[in-house]
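Structural overview
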Amino acid sequence: MSGAAIAINAAVSGAAYYMAVRMIPRFRDMFIKANLFGSDLCKKDKPQVPESFGVLIGCVYLVSLFLFIPIPFAFDEAAATDAVTGGKPDTFPHDKFVELIAALLSICCMIFLGFADDVLDLRWRHKLLLPTIATLPLLMVYYVNYNSTTIIMPNFARDLFGTSLNIGVLYYIFMGMLAVFCTNAINILAGINGLEVGQSLIIAGSILVFNCIELYLGHQVDSHIFSIYLMLPFLATTLALWKFNKYPSQVFVGDTYCYFAGMTFAVVGILGHFSKTLLLFFLPQVLNFLYSTPQLFHFVPCPRHRLPKYDSKTDLLHISTTEFRIEELNIVGRLMVTILRKLRLISWHAKADGLVRTNNFTLINFVLFIFGPVHERVVTQMLMGFQAVCTLIALTIRYPLANYFYEKT
């Protein structure tokens, strides 16, 4: 009967898309009156654009799932009435119910905390703490329902560790770090029209494709149905937001949407038991994080904003830069810069006064460094195309290549 529940979920998702499309233009003036707006710096006239619209989309998403809560259990065989027991319910699946409630609670907390970040402009250390707090309901439910901290070892490690290894509390630390990474990874790879929403659309679609493949193969059916329940409304509301956020953006999404999207992905990855596969879908974000590491950890000077520079004469984006002296960097910073320079992954301009100018270490600036000045719309399309290619790579790793590292099941 899960097919009927999925069909209803799809209908609810369609209604959520319709509501979001109707609500976004109606709330634009309201957000501007509340001083929730910013200037689009990559436009000639630098128009004022309402921002933090992630909170609106997050609310539509939550309401759609609140309405959907009773549906899976109405169709669940375990919750169905039993004629033998006089029409009274058999065993109600409390574990599944608590999972769904905890998932919505974590997402709701992250939307609230993300909106607080948009309004209060929190520091980076708080950005790391907030997802950890929002993940607590999820981890507690996982502990009560499963408390499984055993991982299957790849073939090459089984002589040392055996077929499986119980890593205990380290598994919970990994899940907490996964939530922190997912929420911040989208936020780091952002700043141009449509990029945050575009990459989230492709990741959500990738997860749904993976869920359908696993259902076809008959693997962990309940977990992947649960993932579909959460991903379909997310895809629908995100598609509605994309309509207004793509170039030229009529609304900005703010940190609220980045946190909301990242937490939703973390929730389905953890409770759907495919956290490693989820990281494969985040390959561009992983590469962006690794590329940004020298500046994120301040081994290299990091300006507050690393967005590309806009040239109003040509209507093109150029790399943004940072300047430093090699001798002022510590040994780790000098090593990182040397490696990136040798691999030709950064620009390098040495000045007569000893200053060195390089591009800021983000994937957006790297694209501009490789391909030269490009229009904003084209940069977004290139990065979304790269995200789609990485999905194909992820599915290739997950299926054909995984058989070389794990026994076929």
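Let us look at the structure shown here. (Residues numbered from 1 in each chain as written. Predicted model: local features only at pLDDT ≥ 70, side-chain atom pairs only at ≥ 80, totals over all residues. Heavy atoms only, no water.)

Here we come to the overall build of the chain. Helix and strand counts for the chain stand at 15 helices and nine strands. Against the 2.2 N^0.38 benchmark of 22 Å for 409 residues, the chain shows a C-alpha radius of gyration of 23 Å, consistent with a compact globule. The burial tally for the chain puts 48% of its 409 residues in the buried class. Considering only residue pairs separated by 6 or more positions, the chain has 73% of its internal contacts joining residues 24 or more positions apart. Placing the 30 positive and 26 negative side-chain charges of the chain at their respective mean positions leaves the two points 9 Å apart. (Helix = DSSP H or I, 4+ residues; strand = E, 2+ residues; numbered from the N terminus. Rg over C-alpha atoms; globule rule 2.2 N^0.38 Å. Buried < 20%, exposed > 50% of the residue type's maximum accessible area, 1.4 Å probe, protein only. Contact = heavy atoms within 4.5 Å. Lys, Arg positive; Asp, Glu negative; His and termini not counted. Charge placed at Lys NZ, Arg CZ, Asp CG, Glu CD.)

Helix-helix packing is described using two parameters, namely the angle between the two axes and the distance between the axes. Running from N to C, helix 12 (residues 283–296) and helix 15 (residues 376–398) point in directions that differ by 110°, and their axes come no closer than 8 Å. One element, helix 12, and the other, helix 15, form an angle in the roughly perpendicular class. Residue-level inspection shows Leu-283, Pro-284, Gln-285 and Leu-287 of helix 12 in contact with helix 15, the latter providing Phe-386, Gln-387, Cys-390 and Ile-393. Of the residues contributing to the contact of helix 12 with helix 15, the split by class is six nonpolar, two polar and no charged. (Axes fitted to C-alpha atoms, helices over the stretch in contact; angles between N-to-C directions. Parallel < 35°, antiparallel > 145°, perpendicular 65-115°, else oblique. Nonpolar A, V, L, I, M, F, W, Y, C, P; charged D, E, K, R; others polar.)

Among the structural elements, Gln-285 can be located in helix 12. Among the polar contacts listed, one links the side chain of Gln-285 to the side chain of Gln-387, at a separation of 2.9 Å. Beyond its immediate sequence surroundings of up to four residues, Gln-285 is in contact with Phe-181, Ala-185, Leu-189, Gln-199, Ile-203 and Gln-387. (Polar contact = N/O pair within 3.5 Å; in protein donor to acceptor, adjacent residues only side chain to side chain.)

This part takes up the pairing of strand 7 (residues 321–324). Regular strands place their side chains on alternate faces of the sheet. Of the two faces of strand 7, the one lined by Thr-322 and Phe-324 is fully buried and the one lined by Thr-321 and Glu-323 carries no buried residue. Pairing between strand 7 and strand 9 (residues 356–359): four bridges, direction antiparallel. Residue pairing across strands places Thr-322 opposite Thr-358, the latter belonging to strand 9. (Pairing = 2+ DSSP bridges.)

On to the pairing of strand 9. With two bridges joining them, strand 8 (residues 349–350) and strand 9 adopt antiparallel strand pairing. Bridged to His-349 within strand 9 is Arg-357.

Before going further, it helps to examine helix 10 (residues 254–271). Residues three or four positions apart in an α-helix share a direction because the helix packs 3.6 residues into each turn. Its 18 residues place the ends of helix 10 27 Å apart at the C-alpha level, agreeing with the 26 Å of an ideal helix rising 1.5 Å per residue. Of all 18 residues in helix 10, 18 are buried; the element is thus mostly enclosed. Taken from the residues just after helix 10, His-273 is the one with a positive phi, measuring 60°. (Expected span 1.5 Å × (residues − 1).)

Structural measurements only, silent on function.
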